[in-house]
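Here are the chains, one letter per residue:
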Amino acid sequence: MEIKRIYLDNAATTPLAEEVIDAMVETMKASYGNPSSTHSIGQEAKSLIEGVRRQVADYLKVQPGEIIFTSCGTESNNMIIKGAVAHLGVERIITSPMEHKCVAEAVRDMKTRKNIEVVYLRPEKNGDISLEKLEEALQASDKKTLVTLMHANNEIGNLLDIEKVGEICKTYNALFHSDTVQTVGHLDLDFSKINIDFASCSAHKFHGPKGSGFAYIRKNSRLKGLILGGGQERELRAGTENVSGIIGLGKALELCMDNLEEYKNHIQKIKDYTIEQLQKAIPMLKFNGRSAEKDGSLYTVLSALLPTKNPLIGLQLDMKGIAISQGSACSSGAAKASMVMMMILNDEELEISTPLRISFSHYTTTEDIDGFVKALSEIMAEKTN
Ligand SMILES: Cc1ncc(COP(=O)(O)O)c(C=O)c1O
């Protein structure tokens with residue numbers, strides 16, 4: 001008997017929207033020109049890209065020239081962090097131990113290879129980054145500083161008040177980068193009201209294709225690119241553009257923005273339902289960080305803490321047709337607790353419990369949740385029997 005597959009790993013990646021696939025296929029068939037070619041077939045591809053650039057800029061309330069298309073969130077974050085050190089005189093980075101690996105590793109690389117001072121802001125017990133601690137760290141040095149803090153944590157969903165962080169950074173003349181990979185397409189962002197210098201995006205987190213993203217680089221920042229070549233993307237990211245990928249990103253963003261309230265309401269209801277059903281089925285279960293709170297957490301992510309130790313839970317759920325991560329996709333399957341869990345759980349909790357990240361999209365149904373809770377309850381019962 002074929003098992004019904006239930007997908008609850010939307011923070012890792014989302015299924016492509018049909019409309020996105022159609023738009024990409026159409027582009028691949030009809031607009032195959034190289035955007036750098038001066039003939040009309042090339043210029044047609046160029047004008048498609050520029051259309052998406054304007055659309056993204058409208059969404060973020062920034063200028064089109066501030067949007068640089070890249071291959072993914074990882075590339076955007078690397079370009080910004082390494083570029084800030086190489087070209088903007090950054091000597092010090094303030095970050096947190098809860099950042100995505102692509103930020104953490106880029107920062108670590110700057111520390112080891114470029115001797116950059118790194119200050120890690122230890123999160124509070126609920127996973128929040130204290131703005132007082134940020135301010136103290138900024139006060140402590142006159143070195144040119146880059147603050148890099150993610151907008152929504154990909155494992156527990158805690159949201160950072162990027163408006164306030166931007167104000168603090170402005171006060172201390174620090175550059176501010178936020179990894180907005182989990183929030184672009186899911187929240188209504190307005191960078192015209194925020195003092196933010198750099199941000200990142202990845203299309204596959206909101207029903208667009210993998211291999212397509214962008215970096216927001218504030219005008220006159222003087223940042224230079226890492227990939228040199230033909231001068232594409234305003235000399236910030238050389239290489240022939242991924243035209244169909246950019247079209248897919250634009251279509252996915254358009255769908256998310258046109259339906260933002262509807263998708264958000266649906267997902268929030270599904271999340272509330274999941275919390276209720278999990279609490280009923282497993283009374284000792286807890287939720288990590290702020291993920292079960294309506295305020296301060298991203299509605300697409302719920303992080304549960306199962307009251308027993310079971311490192312095989314992801315595998316066992318997979319065998320029952322449920323696709324889910326224990327932490328982030330990068331750390332799932334790893335026997336070791338993720339850095340995020342090590343920061344917010346105490347030794348005893350790490351010893352006796354198991355984190356499970358449930359992440360939703362507007363395609364998720366209550367039937368999916370029923371199937372998931374049933375499968376989880378069966379596994380938990382087998383474990384205790
Ligand atoms: C917060 C965050 N930043 C960056 C990334 C990396 O994005 P990409 O997969 O596009 O490289 C991810 C993806 O897992 C993420 O969740």
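Residues numbered from 1 in each chain as written. Predicted model: local features only at pLDDT ≥ 70, side-chain atom pairs only at ≥ 80, totals over all residues.

**Side note on the sheet that holds strand S4 (residues 117-120)**
To keep things clear, this is the line we draw: Only strands joined by at least two bridges in the DSSP assignment are considered to pair. Numbering of helices and strands runs from the N terminus, with a helix taken as a DSSP run of H or I at least four residues long and a strand as a DSSP run of E at least two residues long. Lines are fitted to the C-alpha atoms to define the axes, a helix being fitted only along its stretch in contact, and any angle between axes, read from their N-to-C directions, falls within 0 to 180 degrees.
Spatial strand order, S2-S8-S7-S6-S5-S3-S4: seven strands in an open sheet with mixed pairing. The outermost strands of the open sheet, each flanked by one partner alone, are strand S2 (67-70) and S4. Across the sheet, the axes of successive neighbouring strands diverge by a mean angle of 20°, strand direction being ignored. In the sheet, S2 pairs with strand S8 (residues 213-217) via four bridges, with the strands oriented antiparallel.

**Considering the domain arrangement of the protein**
Going by this rule: Domain start and stop positions are those given by an automatic or database domain assignment. The contact rule is simple: place each C-beta atom from the backbone, and if two of them lie within 7 Å, those residues are in contact. Residues are grouped as follows: Ala, Val, Leu, Ile, Met, Phe, Trp, Tyr, Cys and Pro are nonpolar; Asp, Glu, Lys and Arg are charged; all remaining types, including Gly, are polar.
By the assigned domains, the protein splits into domain 1 (6-15 + 260-384) and domain 2 (18-258). At the junction of the two partners, domain 1 supplies 25 residues and domain 2 supplies 27 residues. Within the residue set of the side of domain 1 that touches domain 2, elements represented by two or more residues are helix H8 (260-281), strand S10 (301-306) and helix H10 (339-344). Per-element tally for the side of domain 1 that touches domain 2: the top contributor is H10, with four residues. Its residues assigned to classes, the side of domain 1 that touches domain 2 shows eleven nonpolar, twelve polar and two charged.

**Details of the nonpolar core**
As a reminder, the rule being used: Buried Ala, Val, Leu, Ile, Met, Phe, Trp, Tyr and Cys residues form a nonpolar core when they are connected through C-beta atoms within 7 Å. To sort residues by burial, count the other C-beta atoms lying within 10 Å of each one's C-beta; a count of 20 or more means buried, 12 or fewer means exposed, and anything in between means partly exposed. C-beta atoms are built from the backbone.
Formed by 104 residues in total, the largest nonpolar core has its most connected members in Val 147, Tyr 216 and Ala 252. Per element, the largest residue contribution to this core is eight residues, and it comes from helix H7 (residues 243-258). Those residues within four positions of Tyr 216 in sequence are excluded, and the remaining contacts are Leu 60, Val 62, Glu 66, Ile 67, Phe 191, Phe 198 and Ala 199.

**Some thoughts on the packing of helix H1 (residues 18-30) against H7**
Heads up, the rule is: For classification, angles of less than 35 degrees are called roughly parallel, those exceeding 145 degrees roughly antiparallel, those between 65 and 115 degrees roughly perpendicular, and all remaining angles oblique. Crossings are sorted by hand: turned counterclockwise from the far helix by less than a right angle, the near helix makes the crossing left-handed, and turned clockwise it makes it right-handed.
At a closest axis distance of 8 Å, the pairing of H1 and H7 adopts a crossing angle of 150°. In terms of orientation, H1 lies roughly antiparallel with respect to H7. Helix-helix and strand crossings are classified by hand; for H1 and H7 the assignment is right-handed. Listed contacts from H7 to Glu 19, Val 20, Ala 23, Met 24, Thr 27 and Met 28 of H1 are Val 243, Ser 244, Ile 247, Gly 248, Lys 251, Ala 252 and Leu 255. Here the contact of H1 with H7 is built from residues that sort into eight nonpolar, three polar and two charged.

**Let's talk about the environment of Ile 227**
Secondary-structure assignment places Ile 227 in the loop between S8 and H7. Taking the C-beta count within 10 Å as the criterion, Ile 227 has 15 such neighbours and is therefore assigned partly exposed. Each C-alpha atom, one on Ile 227 and one on Arg 237, is 5.4 Å from the other, the two residues being ten residues apart in sequence. For Ile 227, the residues in contact, after removing those within four places along its chain, are Arg 237, Ala 238 and Gly 239.

**A word on unusual backbone geometry**
Phi angles above zero are rare outside glycine, and Asn 115 is one such case at about 60°. Looking at the element boundaries, Asn 115 is found in the loop between helix H4 (101-114) and S4. Classification of Asn 115 as exposed rests on a count of 9 C-beta atoms within 10 Å. One non-glycine residue, Asn 173, lies in positive phi territory at about 60°. Note on Asn 173: 10 C-beta atoms within 10 Å, which makes it exposed.

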